[in-house]
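Structural features, examined
Letter by letter, the chains look like this.
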Amino acid sequence: MDKKIAQILKELGIKAAQPGTSTGVRWLKSAGKDIASYSPVDGSLIGKIKSTDRKAFDAAVAASQKAFLQWRTVPAPKRGEVVRQIGEALRAKKDALGMLVSYEMGKSLQEGLGEVQEMIDICDFAVGLSRQLHGLTMHSERPLHRMYEQWHPLGVVGIISAFNFPVAVWSWNAMLAWVCGDTCLWKPSEKTPLCGIACQNIVSEVFKKNQVPEGVSSLVNGDYRVGEWISSSSQIPLVSATGSTRMGVAVAKTVAARLGRSLLELGGNNAIIVTANADLDMTVRGAVFGAVGTAGQRCTTTRRLIVHESVYKKVRERLVKAYAQLKIGNPLNAANHVGPLIDRAAVQQYLSALKKIVSEGGKILVAGGVLKGNEFGSGCYVKPAIAEVRNNFRIVQEETFAPILYLIKYKTLDEAIALQNGVRQGLSSAIMTSNMYEMEQFLSAAGSDCGIANVNIGTSGAEIGGAFGGEKETGGGRESGSDAWKVYMRRQTNTIHYGKTLALAQGIKFDV
Ligand code: UN1
């Protein structure tokens, strides 16, 4: 392993044989299997983490449950102050954590640093929020009554996160949950467990300094079985899960069976509509970053370009040219645009998708393939590909987590919007146009059916200030900004009577 990597592991407090279950104060013993974390960058074993067994899991849930009873009584702005200090700690560790994200997950260092910045941003947001957990007041229909609503902490929040944003998506949930007065129990992806350990260490240090009770931040590790324990635990009123639609359906069913709450952020199949009035420089830059950023493994990745027939040839030519300039290689090297896929199984899925495109009648414009040679020794580096397809191909209807961009031609804007909406997923969408009629049509109720609809920017790279999430098979959840915090709290409606005779609502007379 590279010296620099060894140094950042040390800085982040990661041991070669690492326990995987923590209450923030103690690391718990577990007889679970070891999870080995291999870097897709160079195939090295970075470390081994003990997965959480049932006993350790139950102990972690109990600690989080107990901590909740105390944490919920701490004034929200005081909880915000602790989150402010987490933001400071993340600023101090930004380089190290960004590099670990890049090395364990494979995204470019720029994007790794960007992900840590997203964590810092949500900390700042949460600090402000800690003084703004507002409820409404209402006018009562009865004299000498008043009504209002208040938001109370909910309990233990279970967080199941995915490999592609191994730290930011957890922080969107945890920072809001903490200022809301909840405690968190996090299961990071088994593909990026060290990122989880690093975050737990950063947070634990801040918590210890502030005498935050044990269990406000618990960490568990393991595969889908640990996810199932979270989903079925009646001690966990809210389960926030990010990942595939298949996983989300399983979580939703289990959580619904006990009438818990789930917050789901699942697959996307995001499109950019490129109209005849699009700025093509901007379009090409936005589309290429959207399609190949994070090697096509963002939920918000641009998978489809729906291009007006009048500019189709030009867009196609310029994209092919831009793809020829892409540098693929070690993501820690700033000269490279595209790093590896997460693992070899992802490479197989990418190859199988390319085959399906051809067998369904698609035309490959920029050929894909797996890169060979010393520099690509992990076997996870693939070439970003472009194909001309029809929207109704089975493979186009699916989310393939890889850098494959589909080109689709359209004639009328109505047709383009129907194509854009003509998939099962509904996360992100965009239109490139300088024409206000086109823009407003796209943003209207009859326009994009996605949770995110952008104009003259790509589909990825959302800021934390807005609510993040999508419709249909994307799961309907909203995380991070706007009023997404409400899902982490319970609403209580209060009616207060300050008169001397009891009055019933709806004019009901009841004299005894
Ligand atoms: C994800 O892929 O799960 O909007 C999250 C973006 C990032 C977050 C993506 N801010 O692309």
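Residues numbered from 1 in each chain as written. Predicted model: local features only at pLDDT ≥ 70, side-chain atom pairs only at ≥ 80, totals over all residues. Heavy atoms only, no water.

1. Overview of the overall build of the protein
What counts is decided by this rule: Comment: elements are numbered from the N terminus, with helices defined as DSSP H or I runs of at least four residues and strands as E runs of at least two. Just to be clear, the radius of gyration here is over C-alpha atoms, and the globule rule we use is 2.2 Å times residues to the power 0.38. Relative accessibility decides the category of a residue: with a 1.4 Å probe and only protein chains considered, values under 20% of the type maximum give buried, values over 50% give exposed, and everything between is partly exposed. In this description, accessible areas are obtained by the Shrake-Rupley approach with a 1.4 Å probe, and a residue is regarded as covered only by the protein chains that are shown. Two residue types count as positive, namely Lys and Arg, and two as negative, namely Asp and Glu; His and chain ends fall outside the count. Every charge is mapped onto a representative atom, which is NZ of Lys, CZ of Arg, CG of Asp or CD of Glu.
Assigned secondary structure in the protein consists of 15 helices and 24 strands. Against the globule reference of 24 Å for 512 residues, the protein gives a C-alpha radius of gyration of 24 Å, in line with a compact fold. In terms of its C-alpha atoms, the protein occupies a principal-axis envelope of roughly 80 × 60 × 40 Å. Residues classed as buried in the protein amount to 56% of the 512 residues present. Only carbon and sulfur atoms are counted for the fraction: they give 52% of the accessible area of the protein, which is about 22200 Å². Separation of charge centres in the protein, based on 60 positive and 45 negative side chains, amounts to 4 Å.

2. Brief notes about the packing of aromatic side chains
What counts, and what does not: In summary, the pairing rule links any two rings of Phe, Tyr or Trp, Trp by its six-membered ring, whose centres are within 6.5 Å, and it sorts them by plane angle into stacked for under 30 degrees, edge-to-face for over 60 and tilted for everything else. Our definition puts a charge over a ring when NZ of Lys or CZ of Arg is within 6 Å of the ring centre and also within 35 degrees of the ring normal.
Counted under the stated rule, the structure contains nine aromatic pairs. Taking 4.4 Å as the distance between ring centres and 10 degrees as the angle between the ring planes, the aromatic pair formed by Trp170 and Trp186 counts as stacked. Of this pair, Trp170 sits in helix H6 (residues 168-179) while Trp186 sits in strand E9 (residues 183-187), placing them 16 residues apart in sequence. A relative accessible area of 1% means that Trp186 is categorised as buried. Of the aromatic side chains, those joined through ring pairs into one cluster are Trp71, Trp170, Trp178, Trp186 and Phe207. Against the face of Phe165 rests Lys107, its NZ or CZ located 3.6 Å from the ring centre. Here Lys409 stacks its cationic end above the ring of Tyr312, 5.0 Å away from the centre of that ring.

3. What about a nonpolar patch on the surface?
We count it as follows: For patches, a residue must show more than 30% relative accessible area and have no salt bridge; joins then use 9 Å for like charges and 5 Å for nonpolar side chains, namely Val, Leu, Ile, Met, Phe, Trp and Tyr. By definition, a salt bridge exists where a carboxyl oxygen of Asp or Glu is found within 4 Å of a side-chain nitrogen of Lys or Arg.
Together, Leu502, Leu504, Ile508, Phe510 and Val512 line one region of the surface with nonpolar side chains, adding up to about 640 Å² of accessible area. Judged by its relative accessible area of 75%, Leu502 falls in the exposed class.

4. Here's the deal with the domain arrangement of the protein
The accessible area lost on association of the parts is a frequent measure of interface size. Our working definition: Start and end positions for the domains come from either an automated domain assignment or a database one. In what follows, a contact means two residues having at least one pair of non-hydrogen atoms within 4.5 Å. Computed with a 1.4 Å rolling probe, the buried area is the accessible surface lost when two parts are put together, summed over both parts.
Once the domains are mapped, the protein shows domain 1 (3-21 + 47-266 + 475-492) and domain 2 (270-463). Here the C-alpha centroids of domain 1 and domain 2 sit 30 Å apart. Contact with domain 1, which involves 19 residues of that partner, is made by 16 residues of domain 2. Each partner contributes to the roughly 1500 Å² buried at the junction of domain 1 and domain 2, and carbon and sulfur atoms together form 60% of this total.

5. A word on the site of the ligand
The following threshold applies: The cutoff for a nearby residue is simple: one of its non-hydrogen atoms must lie within 4 Å of the molecule or strand. Counting of polar contacts relies on pairs of N or O atoms within 3.5 Å, with two restrictions inside protein: one atom must be capable of donating a hydrogen and the other of accepting it, and residues adjacent in sequence are counted only when both atoms are side-chain atoms. Under the scheme applied, nonpolar residues are Ala, Val, Leu, Ile, Met, Phe, Trp, Tyr, Cys and Pro; charged residues are Asp, Glu, Lys and Arg; polar residues are all the others, including Gly.
Taken together, Glu118, Asn164, Phe165, Trp172, Glu265, Arg298, Cys299, Thr300, Ser460, Gly461, Ala462 and Phe468 form the complete shell of residues around the ligand. Note that an oxygen atom of the ligand is positioned 2.7 Å from one of the backbone N or O atoms of Ala462. Taking 320 Å² as the accessible area of the ligand by itself, protein coverage stands at 99%. For the shell around the ligand, the residue count by class is five nonpolar, four polar and three charged.

6. Observations concerning the sheet that holds strand E24 (residues 489-497)
The cut-off we apply is this: Strands were regarded as paired on the criterion that DSSP finds at least two bridges between them.
The three strands lie next to each other as E6-E7-E24, forming an open sheet whose pairing is antiparallel. Of all the strands in the sheet, the pair left with one neighbour each is strand E6 (137-138) and E24. One ladder, built from two bridges, connects E6 with strand E7 (residues 145-153); its direction is antiparallel. When the bridges of E7 are listed, Met138 appears paired with Met147.

7. Description of the nonpolar core
Rules: Among buried residues, those of type Ala, Val, Leu, Ile, Met, Phe, Trp, Tyr and Cys that are joined through side-chain atoms within 4.5 Å constitute a nonpolar core.
Leu97, Trp170, Trp178, Leu305 and Leu319 are the most contacted members of the largest nonpolar core, which totals 132 residues. No other element matches the 10 residues that H6 contributes to this core. When residues of this core are assigned to domains, at least three map to each of domain 1 (3-21 + 47-266 + 475-492) and domain 2 (270-463). When near neighbours in sequence (up to four residues on either side) are disregarded, Trp170 contacts Met119, Ile159, Met175, Trp178, Trp186, Cys199 and Val203. Residues Leu28, Val226, Ile230 and Leu266 belong to the second largest nonpolar core, which totals 17 residues.

8. Remarks on the sheet that holds strand E1 (residues 17-18)
Pairing between the strands of a sheet comes from backbone hydrogen bonds, and it takes one of two forms, parallel or antiparallel. Judged by pairing direction, the sheet is mixed, and its three strands sit side by side in the order E1-E5-E4 without closing on themselves. The outermost strands of the open sheet, each flanked by one partner alone, are E1 and strand E4 (34-38). Sheet analysis places E4 next to strand E5 (residues 45-50), joined by five bridges and oriented antiparallel. Within the sheet, the bridge partner assigned to Ile35 lies in E5 and is Ile49.

9. Some details on the pattern of salt bridges
Inspection of every chain in the model, using the stated rule, returns 19 salt bridges. In this structure, Arg318 and Asp281 form a salt bridge, with 2.4 Å as the shortest nitrogen-oxygen distance. Residue Arg318 is located in helix H11 (residues 309-324), and its partner Asp281 is located in helix H10 (residues 280-292); the two are separated by 37 residues in the primary sequence. On the basis of relative accessibility, which here comes to 49%, the residue Asp281 falls in the partly exposed class. One salt bridge in this structure joins Asp449 and Lys472, with 2.7 Å as the shortest N-O distance. Of this pair, Asp449 sits in the loop between helix H15 (436-443) and strand E20 (452-455) while Lys472 sits in strand E22 (residues 471-472), placing them 23 residues apart in sequence. Residue Asp449 is classed as partly exposed on the basis of its relative accessible area, which comes to 25%. Overlapping salt bridges, with partners in common, bring together Glu88, Arg91 and Asp124 in one network.

10. Section: the pairing of E9
For a regular strand, the rule is simple: side chains alternate between the two faces of the sheet. The following threshold applies: By definition, the crossover connecting two strands over a helix is right-handed if that path, from the first strand to the second, turns clockwise as seen with the strands pointing away from the viewer.
In terms of burial, E9 is a largely internal element, five of the five residues being buried. Of the two faces of E9, both are covered, the one formed by Thr183, Leu185 and Lys187 as well as the one formed by Cys184 and Trp186. By the bridge criterion, five bridges tie strand E8 (residues 156-160) to E9 in an arrangement that is parallel. What sits directly across from Ile159, in E9, is Trp186. Handedness of the crossover is the feature at issue here: the chain leaves E8, passes through H6, returns alongside E9, and the resulting connection is right-handed. In the sheet, E9 pairs with strand E10 (residues 217-219) via three bridges, with the strands oriented parallel.

11. Some words on the pairing of strand E11 (residues 238-242)
With respect to burial, E11 is a largely interior element, five of its five residues being buried. Across the two faces of E11 the burial is the same, with Leu238, Ser240 and Thr242 and Val239 and Ala241 all buried. Where E8 meets E11, four bridges bridge the pair, whose relative direction is parallel. The partner of Ile159 across the bridge, within E11, is Ser240. One ladder, built from five bridges, connects E11 with strand E12 (residues 261-265); its direction is parallel.

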